[in-house]
Amino acid sequence: MNTPAHLKWPDNADCTAVPYSVFNSQEVYDLEQQKLYNGPTWNYLAAADELPEKGSFKSTYIGDTPVVVTRGQDDEFYAWVNRCAHRGAEICRERHGKSEDGAFTCVYHQWAYDAKGDLHGIPFQRGLAGKGGMPKDFDKKQHGLRKVRLANYHGVLFGTFSEQTPDIESYMGEDVSHHLKRIMNRPIEILGHTRQSIAGNWKFYSENTKDPYHASLLHLFHATFGLYRSSQKGESIINNDFHSVLWASSGTESESALDDMKKDKLRTLQTGEYALQDPSLLAGQQEFDDGVTLVILSLFPSLVMQQIQNTLAFRQILPKSKDEFELVWTYFGYKDDSEELRNIRLKQFNLIGPGGFISMEDGESTELCQNAIVRDGAYTNVIQMAGKEAKGDDHLVTEGLIRGLWKGYREIMDF
């Protein structure tokens, strides 16, 4: 598939202006499925602890291609496209489950596969009473499911369709892999899931997760109660263009920086106007020795991993069409959590998710953007906060990571 003729990207190597056609074009969406999701990218599939036993499985997606992750009888993880080799029917129809006998059977004609995706059984393969049946030279080994190359990185499972995708740690980059290992430092415990459908292009949300500039301006709860402010000590880090880490430490802001925020009379900085009826919502624990209280790790194209106070979660971005995506939240703690800390996490999960006090605005802002550009593909946005380079900064008032996202996107999409 060639680059759509109507997509005219400005000749700006710094990616400070992006045409809105990348958000509203069906041709671009289809090209992404080919070049990104079927190309050399690692896509988040699951936490290993979501498949706790032999025979466990999870149905998910790479882009909009349905895939299944399994834990085989050999205790190894596998992944394959959720499409029967016979007539293309979906095999697994549950989101999570366990196959007691390790078999996965298509309901249409009962072709049966093992956890690796290899074909093991076909009803009436030899026919009935000497009639029908498959040809004598039919080889089940040649008709297994389409396999997904899988990597288990510190308990996080990633999949790719391409043999050209580099190893997972090289793909991430040094800083991103460090912060993933920082959070996945010991065995985790899955605490729950939520899902939300957002009527916008998935890349608006991908931009959002690389944008420390917006957090003080969009999220009243963040700014008012001091969980995150642009005046705090923090950093934005970029690896391999696509991938990034934002971190901040609450309680570290200077008086001069906070005064500057107050001078701007921000709608979201209402320290004298609001109070919590239940202050225990924010009565957490310091878990990490580095004093960092917020981390947003973004691994393009599908994973956002977070630490916000004592909330830990994976967010999986699943495109459904050019103007809709699903966001799947998987909440977790550590298996050695005390009962007190586990209860803190459960209470603080009210901060995040579809209706979370500090995350519900992100879905709304994505839809506001999509609604406004639906017919204006030739126009461009403006991404110039903290300069024009695709780079990280030692502060939180920057759009450098977004410029990096688009720099990498242009290269892989051949725009």
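Asker: Describe helix α9 (residues 339-348), with residues and values.
Answerer: Taken together, the buried positions of α9 are Leu341, Ile344, Arg345 and Gln348. Angular distribution of buried residues about the axis of α9 spans 100 degrees; they occupy a single face of the element. Residues of α9 that are buried sit in contact with β11 (188-198), β15 (303-308), β16 (311-321) and β17 (324-334).

Asker: Pulling in residues and values, what's your account of the side chain of His214?
Answerer: Among the secondary structure elements, His214 is positioned in helix α6 (residues 212-218). In this structure the side chain of His214 is engaged in a polar contact, spanning 2.5 Å, whose partner is the backbone oxygen of Asp211. Of the polar contacts made by the side chain of His214, one reaches the side chain of Asp362; its length is 3.3 Å. With sequence-adjacent residues up to four places away left out, His214 is seen in contact with Asn208, His219 and Asp362.

Asker: Outline the pattern of salt bridges, supporting the account with residue identities and numerical values.
Answerer: Tallied over the full model, the rule gives 20 salt bridges. Close ionic contact of Glu411 with Lys407 constitutes a salt bridge, the shortest N to O distance being 3.5 Å. You can see Glu411 and its partner Lys407 sitting in helix α11 (residues 400-413), four residues apart, about one turn around the helix. By relative accessible area, Lys407 is classed as partly exposed at 30%. The network of salt bridges with shared partners includes Arg195, Lys320 and Glu326.

Asker: Residues and numbers for the environment of Asn350, please.
Answerer: Turning to its location among the elements, Asn350 is positioned in the loop between α9 and α10 (360-372). Residue Asn350 is classed as partly exposed on the basis of its relative accessible area, which comes to 43%. Between the C-alpha atoms of Asn350 and Gly88, which are 262 residues apart in sequence, the distance is 41 Å. Among all residues touching Asn350, those that are not within four sequence positions of it are Leu281, Gly355, Gly356 and Phe357.

Asker: Give a detailed account of unusual backbone geometry, specifying residues and quantitative values.
Answerer: For the bond from Phe300 to Pro301, the omega torsion is 5 degrees, close enough to zero to count as cis. Tracing the chain through its elements places Pro301 in the loop between β14 (294-299) and β15. Although it is not a glycine, Asn240 sits at a positive phi angle of roughly 50 degrees. Despite not being glycine, Gln309 has its phi angle at roughly 55 degrees, a positive value. Overall, the relative accessible area of 17% leaves Gln309 in the buried class.

Asker: Provide a residue-level description of the sheet that holds strand β7 (residues 112-113), including the pertinent values.
Answerer: Whenever strands of a sheet pair, they do so through backbone hydrogen bonds, lying parallel or antiparallel. The sheet built from three strands is open, its strands ordered β6-β7-β8 with antiparallel pairing. Only two strands of the sheet have a single partner each, and these edge strands are β6 (104-105) and β8 (119-121). Where β7 lies against β8, two bridges are found, and the strand directions are antiparallel. Note on β8: the bridge partner recorded for Ala112 is Gly121.

Asker: I'd like a description of the nonpolar core, backed by residues and values.
Answerer: Counting 62 residues, the largest nonpolar core has Val22, Ile352, Trp406 and Tyr409 as its most contacted members. Counting residues per element, this core draws most heavily on α11, at seven residues. A domain split of this core shows at least three residues from each of domain 1 (43-153) and domain 2 (172-413). Within the second largest apolar cluster, 29 residues are counted, among which are Ile188, Leu297, Leu312 and Phe314.

Asker: Now, about the pairing of strand β4 (residues 77-81): what can you tell me, with residues and values included?
Answerer: Across the five residues that make up β4, a large majority, five, are buried. Residues of β4 alternate between two faces, with Phe77, Ala79 and Val81 on one and Tyr78 and Trp80 on the opposite face, all of them buried. Across five bridges, the pairing between strand β3 (residues 65-71) and β4 is antiparallel. Following the sheet pairing, Arg71 is matched in β4 by Phe77. The hairpin formed by β3 and β4 contains five residues between the paired strands, and Asp75 there has a positive phi angle of roughly 70 degrees.

Asker: Please provide a residue-by-residue account of the side chain of Gln306, values included.
Answerer: Residue placement: Gln306 occurs in strand β15. On the basis of relative accessibility, which here comes to 0%, the residue Gln306 falls in the buried class. Polar contacts involving the side chain of Gln306 include one to the side chain of Arg315, which spans 2.9 Å. When near neighbours in sequence (up to four residues on either side) are disregarded, Gln306 contacts Ile183, Val295, Ile296, Thr311, Leu312, Ala313, Arg315, Trp329 and Ile352.

Cut-offs used in this document
Residues numbered from 1 in each chain as written. Predicted model: local features only at pLDDT ≥ 70, side-chain atom pairs only at ≥ 80, totals over all residues. Heavy atoms only, no water. Buried < 20%, exposed > 50% of the residue type's maximum accessible area, 1.4 Å probe, protein only. Helix = DSSP H or I, 4+ residues; strand = E, 2+ residues; numbered from the N terminus. Arc of directions from axis to C-beta. Contact = heavy atoms within 4.5 Å. Polar contact = N/O pair within 3.5 Å; in protein donor to acceptor, adjacent residues only side chain to side chain. Salt bridge = Lys/Arg side-chain N within 4 Å of Asp/Glu carboxyl O. Pairing = 2+ DSSP bridges. Core = buried A, V, L, I, M, F, W, Y, C linked by side-chain atoms within 4.5 Å. Domains from an automatic or database assignment.

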